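# Residue-level structure breakdown
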Amino acid sequence: MPNLRLVHSLHFTSATLSATLYANLITFSSLSPFRKRKTFFLSRPIFNLSSSLSVLAVMDNTGGCRTKEMPVGLDAATQEEYASVSKLVQEFTDIPTIDKAWTFKSETADDVTHAMFLIGQPNLLSNKRRKSMLSSHILQKSNNSISFHWAPFPIEMTGVSAVVPSPSGSKLLIIRNPEGDSPTHFEIWGPSEVKNQFAIPRSIHGSVYLDGWFEGISWNTDETAIAYVAEEPDPPKPTFTGFGYKREGTTDKDCGSWKGQGYWEEDWGEAYAGKRQPALFVLDIHSGEVRTVTEVGRGLSVGQVVWAPSIDGHQYLVFVGWPSDSRKLGIKYCYNRPCALYAVKAPSFKSEASVTSSNAAEDLLIKLTQSISSAFFPNFSPDGKFLVFLSAKSSVDSGAHSATDSLHKIEWPSNGKLDSSLKVIDVVPVVMCPEDGCFPGLYHSKFLSKPWLSDGHTMVLSSVWGSTQAILSVNVLSGQVSRISPNDSNSSWDVLALDGNNIIAICSSPIEIAGIKYGVPAGNISMDAKWNWLDVNSPTTKSSEKVLSLLASLEFDIMKIPVRDASENLTKGASKPFEAIYVSSKHQKPDSRDPLIVILHGGPHAVLLSSFSKSHAFLSSLGYSLLIVNYRGSLGFGEEALQSLPGKIGSQDVNDVLTAIDYAIDKGLADPSKIAVVGGSHGGFLTTHLIGQAPDKFAAAVARNPVCNIALMVGTSDIPDWCFFETYGHEGKSIFTESPSAEHLAVFYSKSPISHISKVKTPTLFLLGAQDLRVPVSTGIQYV
Ligand SMILES: CC(=O)N[C@@H](C)C(=O)N[C@@H](C)C(=O)O
């Protein structure tokens, strides 16, 4: 049996953990591509889930047990090598990313657009992320060519949490979320100075939500008010004094008192631990007055607020509401939580009297999407006639935590009454089984705040398409979807901003850092318009010479892997090939293959895209080939393929990974004696299944927060429903109970990696986040 060595039990932070591991960890000689010595490696250095207290455990097959100080007895050459690997980690980590962009038409010149790019760069040593703003002028020349003129340096945005330009582009909102008990700061900037600034105390609300999900910050059209989502105020903490329990908060500085935590309140699980319920607020940017939208009530968690076009002169807010009448199950990565669009009259700042009278007689809260189980990302067409939104109804109705999305619209009444009888019209349906090379459905799309082309009914968005991300146009009148990033590109494309009908996008691949592309429609923006993509010379791609030359020595391909069990009783979509991204050195010799790392995503209904990943690129630069397997059940391949996995986890997904590995071996792309496997969460479930079910296949493995025993996980995870759905398949949704029976537990156990533990002999590194609410640390600890 392998030995377990608990290597560290420290307060790791994600960035220091990655640096420490990449730079200093020991050791598997058979796999090291560059020296005959042992080296550990990691799949994803940054933990997705909370892990401030982490446990790092190593199971090895050497029979020996090291002392705690590691690494020991390094010779000079080893030290030098560690230093150089550590430096390389730093160089990859330092690569900046372009996170957002905004465009502003010049007031003085028609042929000039001003653009601002939000740049992110991790600061490894302080374990923080630097944010900076880089400006550029986009110049349209008379011969129709385009040139970007960059400011010489970016400006660091110290302490800035969010940046939101007003619709006209004449004002800029800056939000600074509080640290500790301090207030939230709102600043309204003009072209050269701060026009207004307000500190909103915690008695009004806590941090503004900026999580990409509940998050919503919206200017009204006359740019006098901003609606947003923030944590409801902290309740007073109970105080116990020498005279007994005082229920209300107290300002007494009584040293003899003890402050309790107050009533226990549910949160939305992993990544939301300790976050207070999201609530709706409106700020008057002139007076600094903040009004709470009280009509919503505590039964709904709210998010994604936008101002609606007025109806009969009344201003409404439209937002997403997640009911929380029963237990709040984890929401991170879980699109199967029902949600709907609601409208509420916006609070008025005119006078107290008019506020009270205008709200008194009306229906206070209107549910707009009664007929559909999920509605989110509301966005109004420029003429205000349509309210367009995405839906994860497939996910809610089936129970899969993520699935194929659909796009819908509601005709917005410009006069008359707003009520719950508005019809939800389908625009882009769920794609069950895409024809080869055709649109596979919408996955993980996000809308820009202004996604519309000049015809007023075509949206530009990005979506997962197989193992790539593609830019699409969607005509919301006809429902027609067109791929406007190049059809023949294996790279991944994401839209950053529109410049009129032109598109500012980023494009990257496993071997290419994200670069900016500028898309210009050839002719009219009809649905079959072709888009010409111009390369933009951007300072963000000028990485270190070393990194660029290492990346230049790599190549990649997206392979289609035929399924092995296609003869079984499968739907058409589940019988189609799945995909794997293969990354390798251009200079591999056929008779001596580099060691191969098989990389597996979690979820299981997620995907690993062909976009640039620093950690993956770092590993390939060290001389490892990568096989990134998007097994059936992944996003991006149609609903039938996705829904084929629930009920078959631990077998269908494991077999797909083994099929992909054998495919690579048969094609001469991998040496069967030099294969490692890495994965986190459900990817860790697969990793630990694989080393149990195929014990001779892997020379090494790394599992991050792995699901090793569903019978143990179900009792403490924030998503116990996941355990039922993925184990039992579609009946799992109806049989889900918070008190599993002995029979349920036996089935969970039998489908878990732990049921194969006796066969394991692969040296395995475990990265366990001790505060992970999703896949609790206990399942990993029990396994090791
Ligand atoms: C829905 C979900 O969170 N499932 C987990 C078991 C999982 O695999 N999570 C992935 C997305 C992760 O990387 O954390």
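Small disclaimer: the values here were computed from a predicted structure and weren't measured.

### Considering the sheet that holds strand β19 (residues 300-311)
- Taken in spatial order, the 4 strands make up an open sheet running β19-β20-β21-β22, and their pairing is antiparallel. Because the sheet does not close on itself, it has two edges, and the strands there are β19 and β22 (365-367). Going from strand to strand, the sheet's axes swing by 30° on average, the running direction of each strand aside.
- Two strands pair when backbone bridges link them, and strand β20 (residues 314-323) and strand β21 (residues 340-345) are joined in this way by 6 bridges, in the antiparallel orientation. When the sheet's bridge partners are listed, F319 is paired in β21 with Y342.

### Focus on the pattern of salt bridges
- One pass over the full model with this rule turns up 26 salt bridges.
- Across the salt bridge formed by R564 and D662, the nearest N and O atoms sit 2.4 Å from each other. Linking R564 in the loop between β34 (554-561) and α6 (572-575) with D662 in helix α9 (residues 652-666), this pair joins segments that are 98 residues apart in sequence.
- Relative accessible area serves as the criterion here: at 53%, R564 is assigned to the exposed category.
- Here D662 makes a salt bridge to K697, at a shortest N to O gap of 2.7 Å. Remark: K697 occurs in the loop between α10 (682-693) and β39 (700-704) and D662 occurs in helix α9; sequence separation between them is 35 residues.
- Sharing partners across several salt bridges, the network here consists of R202, E232, D234, E265, R276 and R298.

### Some words on the packing of aromatic side chains
- The tally for this structure, following the rule as stated, stands at 25 aromatic pairs.
- Their ring planes at 25° and their centres at 6.0 Å tell us that Y228 and F281 sit as a pair that is stacked. With Y228 in strand β13 (residues 225-231) and F281 in strand β17 (residues 278-284), this pair connects stretches of sequence that are 53 residues apart. No difference in accessibility class separates Y228 from F281, as the two residues are buried.
- A network of ring pairs unites the aromatic residues Y209, W213, F214, W268, Y272, W322, Y335, F376, F377 and F447 as a single cluster.
- Over the face of the ring belonging to Y209 we find K275, whose NZ or CZ atom lies 4.7 Å from the ring centre.
- The ring of W465 carries R483 above its face, with NZ or CZ at 4.4 Å from the centroid.

### Overview of the pairing of β17
- Summarising burial for β17: 7 of the 7 residues are buried, a large majority.
- Of the two faces of β17, the one holding P278, L280, V282 and D284 and the one holding A279, F281 and L283 are both buried throughout.
- Where β13 and β17 come together, 7 bridges link them in antiparallel fashion. For E231, the partnering residue across the bridge sits in β17 and is P278.

### Regarding the sheet that holds strand β29 (residues 481-483)
- In space, the 3 strands of this open sheet follow the order β27-β28-β29, with antiparallel pairing throughout. The sheet terminates laterally at β27 (458-465) and β29, the two strands that pair on one side only. With direction set aside, neighbouring strand axes in the sheet form an average angle of 35°.

### Details of the side chain of T727
- Along the chain, the position of T727 falls in helix α12 (residues 720-728).
- With a relative accessible area of 2%, T727 lands in the buried category.
- Those residues in contact with T727 that sit more than four places away from it in its chain are G647, I649, I710, W722, V747, F748 and K751.

### Focus: the side chain of N379
- Following the sequence through the fold, N379 ends up in strand β23 (residues 376-380).
- At 3.0 Å, the side chain of N379 forms a polar contact with the side chain of W452.

### Some thoughts on the domain arrangement of the protein chain
- Domain annotation of the protein chain identifies domain 1 (3-71 + 80-93 + 544-709 + 752-783) and domain 2 (171-235 + 267-430).
- On the side of domain 2, 16 residues touch domain 1, which itself brings 15 residues to the contact.
- Carbon and sulfur atoms make up 52% of the surface buried where domain 1 meets domain 2, a total of about 1,100 Å² over both sides.
- By the criterion of area lost to domain 2, the three top residues of domain 1 are E639, L773 and R774, representing 46% of everything that side buries.
- The tally of links between domain 1 and domain 2 comes to 0 salt bridges.
- Linking domain 1 to domain 2 there are 7 residue pairs in polar contact (both at pLDDT 80 or more).
- Of the residues assigned to the side of domain 1 that touches domain 2, the class counts are 5 nonpolar, 7 polar and 3 charged.

### Overview of unusual backbone geometry
- Residue G603 is joined to P604 through a cis peptide bond whose omega torsion reads 10°.
- One can find P604 in the loop between β36 (596-600) and α7 (614-622).
- Its identity as a non-glycine residue notwithstanding, E223 has a phi of 60°, on the positive side.
- Turning to its location among the elements, E223 is positioned in the loop between β12 (217-219) and β13.
- In this structure, F377 is a non-glycine residue whose phi angle is positive, near 50°.
- Among the secondary structure elements, F377 is positioned in strand β23.
- Since its relative accessible area comes to 13%, F377 is described here as buried.

Rules behind the numbers
Residues numbered from 1 in each chain as written. Predicted model: local features only at pLDDT ≥ 70, side-chain atom pairs only at ≥ 80, totals over all residues. Heavy atoms only, no water. Pairing = 2+ DSSP bridges. Helix = DSSP H or I, 4+ residues; strand = E, 2+ residues; numbered from the N terminus. Axes fitted to C-alpha atoms, helices over the stretch in contact; angles between N-to-C directions. Salt bridge = Lys/Arg side-chain N within 4 Å of Asp/Glu carboxyl O. Buried < 20%, exposed > 50% of the residue type's maximum accessible area, 1.4 Å probe, protein only. Phe/Tyr/Trp six-rings, centres within 6.5 Å; stacked < 30°, edge-to-face > 60°. Lys NZ or Arg CZ within 6 Å of the ring centre and 35° of its normal. Contact = heavy atoms within 4.5 Å. Polar contact = N/O pair within 3.5 Å; in protein donor to acceptor, adjacent residues only side chain to side chain. Domains from an automatic or database assignment. Buried area = accessible area lost by both parts, 1.4 Å probe. Nonpolar A, V, L, I, M, F, W, Y, C, P; charged D, E, K, R; others polar.

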